[in-house]
Amino acid sequence: MTVDELVKARFSVRAYKNIGVTDAQVEELLDCARMAPSACNRQPWEVHVVRGADMLEMVGNAYPRDWFKTAPCVLVLVSNHEESWHRPSDGKDHADIDISILADHITLKAVEMGLGTCWVCNFDKELVSQLLQLKETLEPAVLIPIGVPDVEAKEKSRKTFKEIVHFW
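1. Section: the packing of helix H2 (residues 23–33) against helix H4 (residues 95–112)
Item 1. Look at H2 against H4: their axes get within 8 Å of each other, and the N-to-C directions meet at 135 degrees. Classified by the angle between their axes, H2 and H4 sit oblique to one another. Our pair here, H2 against H4, has a crossing hand that is right-handed. Contacts from Glu-28, Leu-29, Leu-30, Cys-32 and Ala-33 of H2 reach H4 at Leu-102, His-105, Ile-106, Lys-109 and Ala-110.
Item 2. When the residues that make up the contact of H2 with H4 are grouped by side-chain class, the tally is 7 nonpolar, 1 polar and 2 charged.

2. Considerations on the packing of helix H3 (residues 53–60) against helix H5 (residues 125–132)
A packed helix pair is summarised by two numbers, namely the angle formed by the two axes and the spacing between the axes.
Item 1. In the contact formed by H3 and H5, the axes pass within 9 Å of each other and the chain directions differ by 155 degrees. In terms of orientation, H3 and H5 fall into the roughly antiparallel class. Taken together, the residues of H5 that come into contact with H3 (itself represented by Met-55, Met-58 and Val-59) are Leu-127, Leu-131 and Leu-132.

3. Brief notes about the sheet that holds strand E3 (residues 116–117)
Item 1. Spatially, 4 strands are ordered E1-E2-E4-E3 in an open sheet, and the strand pairing comes out antiparallel. Whereas interior strands pair on both sides, the edge strands pair on one side only; in this sheet they are strand E1 (45–50) and E3.
Item 2. Where strand E2 (residues 73–80) and strand E4 (residues 138–147) come together, 8 bridges link them in antiparallel fashion. Within E4, the residue paired with Val-74 across the bridge is Pro-145.
Item 3. The strands that H4 touches are E1, E2, E3 and E4; relative to E2, the one it contacts most, it runs at about 155 degrees.

The rules behind each value
Residues numbered from 1 in each chain as written. Predicted model: local features only at pLDDT ≥ 70, side-chain atom pairs only at ≥ 80, totals over all residues. Heavy atoms only, no water. Axes fitted to C-alpha atoms, helices over the stretch in contact; angles between N-to-C directions. Helix = DSSP H or I, 4+ residues; strand = E, 2+ residues; numbered from the N terminus. Parallel < 35°, antiparallel > 145°, perpendicular 65-115°, else oblique. Left-handed = near helix turned anticlockwise from the far one by under 90°. Contact = heavy atoms within 4.5 Å. Nonpolar A, V, L, I, M, F, W, Y, C, P; charged D, E, K, R; others polar. Pairing = 2+ DSSP bridges.

Written out as structure tokens, the structure is:
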């Protein structure tokens, strides 16, 4: 697939088939994702792979939606605020930007592999931090359920080119 095809094929999957995600699939996906760019190449992230039934159930409590519990695997993307680059002029922490780029690489590679994903940012981050025993400088930023989609893509609604692009 071309990049254009990947971007157009990606959609938020909210139903997964009862098919596991293999170690080889996870490794292929994350090996591609680790090539994501980051500010000053700091790579201020960790990825926690959740696949065990007990842990999936506990992480599911951080985002209690029935569809979320159908995913056979959840990637927890964690920002490291000690390692992230902070812009000198105003101290802006680029961890959120960097983790977003990592997440985008994951979602696009998943499409290429025939897998589906969904960005989940509205979850109980304190619960996830406790479950993963994260130190205070680590922040669970995004949950990405991953698996074989059990739903078809719907037509995307996007702003027009002219609404978002400004030439000067």
